[in-house]
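Below are the chains, spelled out letter by letter.
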Amino acid sequence: MKNINWRLASNHLILLIGVIFMSLPVWVAFSTSTHTAETILREGLQFWPGSNFIETYREVMFEEAGVMKSVLGITMLKNSLILGIGFAVGKVIISMLAAYAIVYFRFKLATPLFWIIFLTLLLPLEVRIIPSYEIVAGLGLLDTNFGLIVPLIASATGTFYFRQFFKSIPDELLEAARLDGASPWRFFVDMLIPLSKTMIAAILIIMFVVGWNQYLWPLIMTTKEENYTLVIGIKQIYQILSEGGELPQYQKAFALTIMATLPPVLVVLFFQNWFVKGLVESEK
Amino acid sequence: MATVKLNNIKKVYPNGAEAVCGVSMAIENGEFIVFVGPSGCGKSTMLRMVAGLETITKGDIEIDSKVINNVSPADRDVAMVFQNYALYPHMTVRGNMAYGLKNRGLAKAEINTKVNEAAKMLKIDDYLDRQPNQLSGGQRQRVAMGRAIVREPKVFLFDEPLSNLDAKLRVQMRIEIKRLQRRMGVTSIYVTHDQTEAMTLADRLAVINDGRIEQMGAPIELYNNPKTLFVASFIGAPHINLIPARFENKKLVCGNLKLPGFKNLPEDIELVLGIRPDFLRPDTKGQLEIQVDLVEQHGADNLVYGALKNSSNDTELCFKTTQNTLPDIDSNLKLKFEQKHAMVFNKSTGERLI
Amino acid sequence: MKRVQFEHSTIPYLFIAPQIAIIAIFFIWPAGQAIHQSFLLEDAFGLSSQFVWFRNYVDTIGDAAWLQAAWFTTIFSALVTFLSLGIALLLAVKANEVIRGASTYKTTLMWAYAIAPPVAGLMGNLMFHPLIGDLYKFFNAIGWDFNHKLDSFDAGFVVVLIAVWKQVSVNFIFFLSGLQGISKAVNEAALMDCKSPTRRFWTITFPLLAPTTFFLMVINITYAFFETFGIIDTTTGGAPGGSTNTLVYKVFQDGFRGADLGGSSAQSVVLMIIVLALTIIQFRFIERKVHY
């Protein structure tokens, strides 16, 4: 019995250390963000929340020159939401349609087209970043939502998720539907979409997080402050901090960090089961 | 109601595998036909070709004397019950049954009437608003049947519909399917690998092997008069007794055992003597002797198993007897059979000789 | 592949067209451009260019800075992969064993998945800030002359730590679901056959997790190569002296900051080849199910 108790205690100890390792930085960031710039400069990082919470977050989110010269935090939040939601929705639509064609149709170019989609796995944005920028700039899409979102949504990951999922749907369902007189479009709308509900939800969640967290593409795509997302804003605030000047506004940097973290974290926590299921399914 | 005709149909897969190699048959109006055979024999492929789910490589299929090779599955007016039911998991029972009718553009009221009627017939009218995952296996099976019935198709197709049910339910549903088919009088094709199901359901039975029909006819005809070794051994439970033999000096020789009374058999080829367990009975003057090694008591009757004595190889025999006959293990027992019940097959071709 | 499919001459093309169109414009075209530019040398003003065959490649691979980045990338990827997998596996095994608080542990260990790498980078950056960063002060207080702005080892330490921190939760999620996927019967059989829990883990559990581990290794290497861009850009920016440049970060720096298009493109192409190799390995060993 003694042995088992020791083991149990050590298990909990290890897990607690893990939890602290994972959570403490974010907690400290939050606590520090609720203190004034003077306190932080004088005393360093803070473990306990201070009294400056409303003040800091109001300035960051709603006041001009709160963070940057012209853009409000709330505007960046809006831009981030547009990117996250647009990316997730666009990706689900595009990849579901493509996966449907690949799995459920026999057509001549199926194999080469599948390989073209597969090819995108070999071309992460990072390796084609400069020509991509030139092309988008050439098309006049810099600083547009279209130019921001569309080039990101064509990668193969979503298509593979759906392809895998469609393949797991029993063949007999299509056969039964065909005997029942369903056309390709009807089958898609009446069967596949309702059957994929959970899958769609899971992918929406994962892709929202991925979209929200995009960094490199928005960084080069947006030239005007009013188009910054929160994640890009952070980069800018950091640059302002390191440039020095008057009293460094560390609490604002931390506040913006928390604001950039909060929405995707909430989404993940709130839809935890779907999210985990969707993520793990991709392995198969 | 309809007639179905298969004219020398063939199925060759792109990889060259031949699943069905030239099958012809004519199915009468309202007939219940069962395709039976081991797995991979092509029986399901044939059924799916009738459904239009599998293309026909060669030959024609006719429904009501119209060739339907190029008619889409939905326009053939056939309905199918699948092995795993293939219920639409996101629709209620009512939705499942109504879907095919909706796609055919029937009016809502009419669909409702038909669904209710069919549901009543199958005793699933209490579950109409449930989803498939809230139903038991037997209930799902009924819904799958209901989905086929409401369509009032020309032909019912059943693809091993009972194989996912437990033994008790299978027998119950078997009886119900037969009754339902009688009542509705719809031409039906039923695929199974279970010979009991095949025997009990069929008006006519087609034993399929390697993409060909071995024999087709009324179940009892196939049981009494199999044309090939394959049919003899596939049909009938318990399994027919098979004893390797040769014909020498006008006697059938099985090891050291010489059986008189056989005529006109070819010498010098290997033969197989087949006797059904029902036609062996203990008799001191019996031609065969076994050493009993197992008695299975099934209730009304017993099955006795034992090794055939005086034969060169280990041949196991089985016979059926009454509840009260309980021979001792390891005892020797002589068994008698009537000459008319003995069948003799050519071992290599499987052809029936006597 | 489905046994039965629709046969239709136009509908499948309509369904697949949007994705193919976007891929053609935003993937294939730029990739082709990158390959094309990798063979060109532009003059200082970008007015004319000249076809120079493989000179950019030779220059790239022979360049000491590139070799340094390649070396750093290798070490960095190995460390990040090994450490984040190790920590995640330990936590997943423990989280799978405890009953009380299991779901709380699970939630608190996985939520960091949602944090963007650059955000993690910035957070780490402030923790290591010379004026206010407690970690900076702590390391110096225990006698480690810590300065990640000047010392390349310390800078490497910072990026590895942040990259590992960010990656633990993904690995944890996969390991935990892998562990939960091991059938109860197998665990019970092992319980009867082997007394030592440690031995049970290494002889039964770990081999059964092998597919997950392998999959995660590829994921983690890809992560260390590409997604850590945001961490490096917000923490060290490759400093000091390019010692924390990964190959990907260098492509960006040379192309955008240095405006060396040919060289940067050649580096991109080399990276594409590396990704190709990684993908082939991945599909050879785990995704054997792709039959096209």
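Worth saying up front: this structure is predicted, and the values here are computed from it rather than measured.

Some thoughts on the interface of chain B and chain A
For step 1, the next point in the chain: Listed by partner, the interface residues are 21 residues for chain B and 16 residues for chain A.
For step 2, the next point in the chain: Carbon and sulfur atoms supply 62% of the area that chain B and chain A bury against each other, a total of about 1,700 Å² over both sides.
For step 3, the next point in the chain: Together, Tyr88, His90 and Tyr99 of chain B form the three largest contributors to the area buried by chain B at its contact with chain A, with a combined 31%.
For step 4, the next point in the chain: Linking chain B to chain A there are two salt bridges.
For step 5, the next point in the chain: We note a salt bridge from Arg48 of chain B to Glu175 of chain A, for which the minimum N-O separation is 2.5 Å.
For step 6, the next point in the chain: Summed over the shared surface of chain B and chain A, the number is 11 residue pairs in polar contact (both at pLDDT 80 or more).
For step 7, the next point in the chain: At three residues, helix α2 (residues 93–103) of chain B tops the list of elements feeding residues into the side of chain B that touches chain A.
For step 8, the next point in the chain: In the side of chain B that touches chain A, the residues fall into 13 nonpolar, four polar and four charged.

Observations regarding the sheet that holds strand β5 (residues 66–67) of chain B
Each strand in a sheet pairs with its neighbour through backbone hydrogen bonds, running either in the same direction (parallel) or in the opposite one (antiparallel).
Residue and element names in this part refer to chain B.
For step 1, the next point in the chain: Spatial ordering of the open sheet is given by β2-β1-β4-β5, a layout of four strands whose pairing is antiparallel. Lying at the two open borders of the sheet, with one neighbouring strand each, are β2 (18–27) and β5.
For step 2, the next point in the chain: Of the strands in this sheet, β1 (4–12), β2 and β4 (58–63) touch helix α1 (residues 43–51), which is tilted by about 115° from β1.

A few points about the confidence of the model for chain B
For step 1, the next point in the chain: This prediction gives chain B a mean pLDDT of 90; 99% of its residues lie at or above 70.
For step 2, the next point in the chain: Interface confidence in the predicted complex, given as ipTM, is 0.86; pTM for the same model is 0.82.

Some words on the sheet that holds strand β9 (residues 204–209) of chain B
All names here are of chain B.
For step 1, the next point in the chain: Reading across from one edge, β6-β7-β8-β3-β9-β10 is the order of the six strands in this open sheet, with mixed pairing throughout. Among the strands making up the open sheet, the edge pair consists of β6 (78–81) and β10 (212–217). The sheet shows a mean angle of 20° between the axes of neighbouring strands, direction not considered.
For step 2, the next point in the chain: Summarising the sheet, β9 and β10 pair through five bridges and their orientation is antiparallel. Looking at the pairing, Ile208 lines up with Ile213 of β10.
For step 3, the next point in the chain: Each of β6 and β7 (155–159) touches helix α4 (residues 137–150); the most contacted strand, β6, lies at about 175° to it.
For step 4, the next point in the chain: Docked against the sheet, helix α5 (residues 167–184) engages β3 (32–36), β7 and β8 (187–192), running at close to 140° with respect to β3.

Remarks on the confidence of the model for chain A
For step 1, the next point in the chain: Overall, the prediction assigns chain A a mean pLDDT of 84, with 93% of residues at 70 or greater.
For step 2, the next point in the chain: The lowest-confidence element of chain A is helix α13 (residues 230–243) of chain A, averaging 77 in pLDDT; the highest-confidence one is helix α4 (residues 73–104) of chain A, averaging 91.

Some remarks on the interface of chain A and chain C
For step 1, the next point in the chain: Listed by partner, the interface residues are 115 residues for chain A and 96 residues for chain C.
For step 2, the next point in the chain: Counting each side, the surface lost to burial between chain A and chain C is near 10,000 Å², with a carbon and sulfur contribution of 74%.
For step 3, the next point in the chain: Across the chain A-chain C interface, the total number found is zero salt bridges.
For step 4, the next point in the chain: Between the two partners, chain A and chain C, sit 13 residue pairs in polar contact (both at pLDDT 80 or more).
For step 5, the next point in the chain: With 15 residues, helix α1 (residues 2–33) of chain A is the single largest residue contributor to the side of chain A that touches chain C.
For step 6, the next point in the chain: Alignment of strand β1 (residues 105–106) of chain A against strand β1 (residues 6–7) of chain C, held across two bridges, turns out to be parallel. If you follow Phe105 of chain A over to β1 of chain C, its bridge partner there is Phe6 of chain C.

Conventions adopted
Residues numbered from 1 in each chain as written. Chains lettered and ligands numbered in written order. Predicted model: local features only at pLDDT ≥ 70, side-chain atom pairs only at ≥ 80, totals over all residues. Heavy atoms only, no water. Contact = heavy atoms within 4.5 Å. Buried area = accessible area lost by both parts, 1.4 Å probe. Salt bridge = Lys/Arg side-chain N within 4 Å of Asp/Glu carboxyl O. Polar contact = N/O pair within 3.5 Å; in protein donor to acceptor, adjacent residues only side chain to side chain. Helix = DSSP H or I, 4+ residues; strand = E, 2+ residues; numbered from the N terminus. Nonpolar A, V, L, I, M, F, W, Y, C, P; charged D, E, K, R; others polar. Pairing = 2+ DSSP bridges. Axes fitted to C-alpha atoms, helices over the stretch in contact; angles between N-to-C directions. pLDDT = per-residue confidence, 0-100.

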